[in-house]
Amino acid sequence: MTLERSFTEQWRELTELQTHWRVITRAITIALHDFGQLDAFVEQLAALIHEELRYDHFGIGLVDADSRMVYRGGYGLPEEGKNRFALAPGEGIVGWVFQHGQALLVRDVREDPRYFKARGNTRSELCVPFFLHGQVLGVINAESDRPGAFSARDVELLTALTGVLALLLQDLMRREGAAPIMQELTEQEQVVLRLLAHGQDDRHIARELHISLNTVRTHLRAIFQKLQVNSRAQAIVWVHKHGLFCGDEP
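Residues numbered from 1 in each chain as written. Predicted model: local features only at pLDDT ≥ 70, side-chain atom pairs only at ≥ 80, totals over all residues. Heavy atoms only, no water.

S.K.: Would you take a moment to explain the pattern of salt bridges for this structure?
M.R.: Oppositely charged side chains can form a pair if their charged atoms are brought close together. Counted under the stated rule, the structure contains 12 salt bridges. For Glu16, the salt bridge is made with Arg153, and the minimal N-O distance between the two is 2.9 Å. Of this pair, Glu16 sits in helix H1 (residues 2-31) while Arg153 sits in helix H5 (residues 152-184), and the two are 137 residues apart along the sequence. Owing to a relative accessible area of 24%, Glu16 belongs among the partly exposed residues under this scheme. Linking Asp108 and Arg110 is a salt bridge whose minimum nitrogen-to-oxygen distance equals 3.0 Å. Judged by its relative accessible area of 15%, Asp108 is buried. Classification of Arg110 by relative accessible area gives exposed; the value is 55%. (Salt bridge = Lys/Arg side-chain N within 4 Å of Asp/Glu carboxyl O. Helix = DSSP H or I, 4+ residues; strand = E, 2+ residues; numbered from the N terminus. Buried < 20%, exposed > 50% of the residue type's maximum accessible area, 1.4 Å probe, protein only.)

Now the structure itself:
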């Protein structure tokens, strides 16, 4: 009987480990897609977590301009809970993790005074921070309707996911920051900027677009003004700084 229990336990642990590795691998695969918006990535990651791990709640929070941790996406949180998920440092378990930059596993939230109620059924919670340049950029938060639902292995998994998230979010947030400016460019100005970023000179751009050199230079002057740069080199630096046109063919 002891041997049977031992085998069953080892098999369960092996299955759990395989699931976690599969989650990490699939998360990396998702991250390698060329997402134009942060919400699209969060939605796919949340769908992956729901499919593989069945956490009752999974959410991603990001620091906003007012230094609050704001819900960006996930599943399992009621609409009113989403609206309340704008926590200052130290407020709730999420706010504590935000303030201290440390993962926190709470086996029963009813016994933890830090718990900020956003879901009526939550009994256990796991919150893990992720960083950019040494600063907390956001958190991954998971909740369960069962006490003691999370283990050290769950902490390891979500910590591994934060590494994927931090790098991807850095790139996506740069693109989101560039989006309003890119919307100011006309369709042809965006094409000219893409060709410029790939090292094409004025003559090549003119031939590619079947327009005159004067028209190319008119577009470039408009682009420089909208990007608030003064030269081709500065425009190219701006493009790369915001992660635009990566992997495009000129």
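Now that the structure is up, let's keep going.
S.K.: Before we go on, may I ask you to explain the environment of Tyr55 in this structure?
M.R.: Relative to the helices and strands, Tyr55 resides in the loop between helix H2 (38-52) and strand E1 (57-63). For the pair Tyr55 and Arg114, spaced 59 residues apart in the sequence, the C-alpha separation amounts to 21 Å. Those residues in contact with Tyr55, other than ones at most four positions away along the chain, are Ile49, Tyr75, Ala142, Glu143, Phe150, Asp154, Leu157 and Leu158. (Contact = heavy atoms within 4.5 Å.)

S.K.: Before we go on, may I ask you to explain the nonpolar core in this structure?
M.R.: Generally speaking, a soluble globular protein has its nonpolar side chains buried in company with each other. With 33 residues, the main nonpolar core has Tyr55, Phe58, Phe130 and Leu158 as its most contacted residues. Looking at this core, the elements that each hand over two or more residues are H1, H2, E1, strand E5 (124-132), strand E6 (135-144) and H5. Of all the elements, H5 adds the most residues to this core, at eight residues. In contact with Leu158, not counting residues within four places along its chain, are Tyr55, Phe58, Leu126, Val128, Ile140 and Ala142. With 22 residues, the next largest nonpolar core counts Ala197, Val216, Leu227 and Leu244 among its residues. (Core = buried A, V, L, I, M, F, W, Y, C linked by side-chain atoms within 4.5 Å.)

S.K.: Would you mind showing me how to read the side chain of Thr162 here?
M.R.: Summarising the element assignment, Thr162 is placed in helix H5. In this structure the side chain of Thr162 is engaged in a polar contact, spanning 2.4 Å, whose partner is the backbone oxygen of Thr159. Setting aside its immediate chain neighbours within four residues, Thr162 contacts Val128, Pro129, Phe130 and Ile140. (Polar contact = N/O pair within 3.5 Å; in protein donor to acceptor, adjacent residues only side chain to side chain.)

S.K.: What should I look at first to understand the sheet that holds strand E3 (residues 86-87) in this one?
M.R.: The strands making up a sheet associate through backbone hydrogen bonding, with each pair oriented either parallel or antiparallel. Pairing within the open sheet is antiparallel, and its six strands lie in the order E3-E2-E1-E6-E5-E4. Single-partner strands in this sheet number two, and they are E3 and strand E4 (104-106). In terms of strand pairing, E1 meets E6 through six bridges, oriented antiparallel. Bridging from a neighbouring strand, Leu62 pairs with Gly138 of E6. Its contacts with the sheet put helix H4 (residues 92-100) on E1, strand E2 (69-75), E3, E4, E5 and E6, and the angle it makes with E5 is roughly 30°. (Pairing = 2+ DSSP bridges. Axes fitted to C-alpha atoms, helices over the stretch in contact; angles between N-to-C directions.)

S.K.: Mind showing me how you'd approach the packing of aromatic side chains here?
M.R.: Centre distance and the angle of the planes are the two values used to describe a pair of aromatic rings. One pass over the structure, following the stated rule, counts two aromatic pairs. Judged by centre distance (5.3 Å) and plane angle (70°), the rings of Tyr55 and Phe150 are edge-to-face. On the criterion of sequence distance, the pair formed by Tyr55 in the loop between H2 and E1 and Phe150 in the loop between E6 and H5 is long-range, its members being 95 residues apart. Just as Tyr55 is buried, Phe150 falls in that class too. Taken together, a centroid distance of 6.4 Å and an interplanar angle of 25° make the contact between Phe58 and Tyr75 stacked. Placement of the pair is Phe58 in strand E1 and Tyr75 in strand E2, with a sequence separation of 17 residues. Look at Tyr75 and you get buried, because its relative accessible area is 15%. Arg114 extends its terminal NZ or CZ atom over the ring of Trp96, reaching a point 5.0 Å from the ring centre. (Phe/Tyr/Trp six-rings, centres within 6.5 Å; stacked < 30°, edge-to-face > 60°. Lys NZ or Arg CZ within 6 Å of the ring centre and 35° of its normal.)

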